[in-house]
Amino acid sequence: MNTKKQLHQVEDMAKDFYQSAKEWLPENYTNPWVIGTGAATVGLIGYFLGRSSRRPAKSESKPKPFDQDKIMKVAKLWLLYRATR
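What this report covers is the structure whose coordinates are included nearby. (Residues numbered from 1 in each chain as written. Predicted model: local features only at pLDDT ≥ 70, side-chain atom pairs only at ≥ 80, totals over all residues. Heavy atoms only, no water.)

Observations concerning the overall build of the protein
What counts here: In this description a helix means any DSSP run of H or I spanning at least four residues, a strand means any run of E spanning at least two, and both kinds are numbered starting from the N terminus. Buried means the residue's accessible area, taken with a 1.4 Å probe over protein chains only, is under 20% of the maximum for its type, while exposed means over 50%, and partly exposed covers the values in between. In this description, accessible areas are obtained by the Shrake-Rupley approach with a 1.4 Å probe, and a residue is regarded as covered only by the protein chains that are shown.
Along the backbone of the protein there are three helices and zero strands. For the protein, the N- to C-terminal ordering of α and β elements is α-α-α. Counting the 85 residues in the protein, one finds 0% classified as buried. When the accessible area of the protein is evaluated, it comes to approximately 8,900 Å², of which 64% is carbon and sulfur surface.

As structure tokens, this is what we get:
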């Protein structure tokens, strides 16, 4: 029974939080956008900093070069299709 009581307590807290957020949002409409944009920017900066600091080990093989032939073939067919229309 203790688990059900805790579950209902968490559910009530979530409803209260949702209701207060619903009332707060129309008054402060731009704040969530600013906070969200800032969080996304910080996340992207952290991602790219972490990505650049991680160097592959010497024992790892180098990645294979990207094959552009398939993309060029599709582009040529698309240009040919557009030219004949």
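What about the pattern of salt bridges?
Worth spelling out the cut-off: The rule for a salt bridge is simple: a side-chain nitrogen of Lys or Arg has to be within 4 Å of a carboxyl oxygen of Asp or Glu.
Inspection of the entire model under this criterion finds one salt bridge. For the salt bridge of K15 with E11, the shortest nitrogen-to-oxygen distance reads 3.6 Å. Of this pair, K15 and E11 both sit in helix α1 (residues 2-24), four residues apart, roughly one helical turn.

Some remarks on the packing of aromatic side chains
Using the following cut-off: To pair, rings of Phe, Tyr and Trp, with the six-membered ring standing in for Trp, must have centres within 6.5 Å; the planes then decide the type, stacked if under 30 degrees apart, edge-to-face if over 60, and tilted in the middle.
If you walk through the whole model with that rule in mind, you get one aromatic pair. Look at Y47 and F48: their rings are 5.2 Å apart centre to centre, the planes differ by 70°, and that puts the pair in the edge-to-face class. Judged by its relative accessible area of 46%, Y47 is partly exposed.

Overview of a nonpolar patch on the surface
Threshold: Note on patches: the residues involved have over 30% relative accessible area and no salt bridge, like charges join within 9 Å, and the nonpolar side chains Val, Leu, Ile, Met, Phe, Trp and Tyr join within 5 Å.
A grouping of W24, L25, Y29 and W33 is seen on the molecular surface, where their side chains present a nonpolar patch of about 470 Å² in accessible area. Of note, W24 is situated in helix α1. W24 sits in the partly exposed class, given a relative accessible area of 38%.

Observations regarding helix α3 (residues 69-84)
What counts, and what does not: Residue count minus one, scaled by 1.5 Å, sets the expected span of a helix.
With 16 residues, α3 extends 23 Å from end C-alpha to end C-alpha; this agrees with the ideal 22 Å at 1.5 Å per step. Burial of α3 is sparse: only zero of the 16 residues sit out of reach of the surface.

Such coordinate-based values are descriptive only and should not be taken to indicate function.
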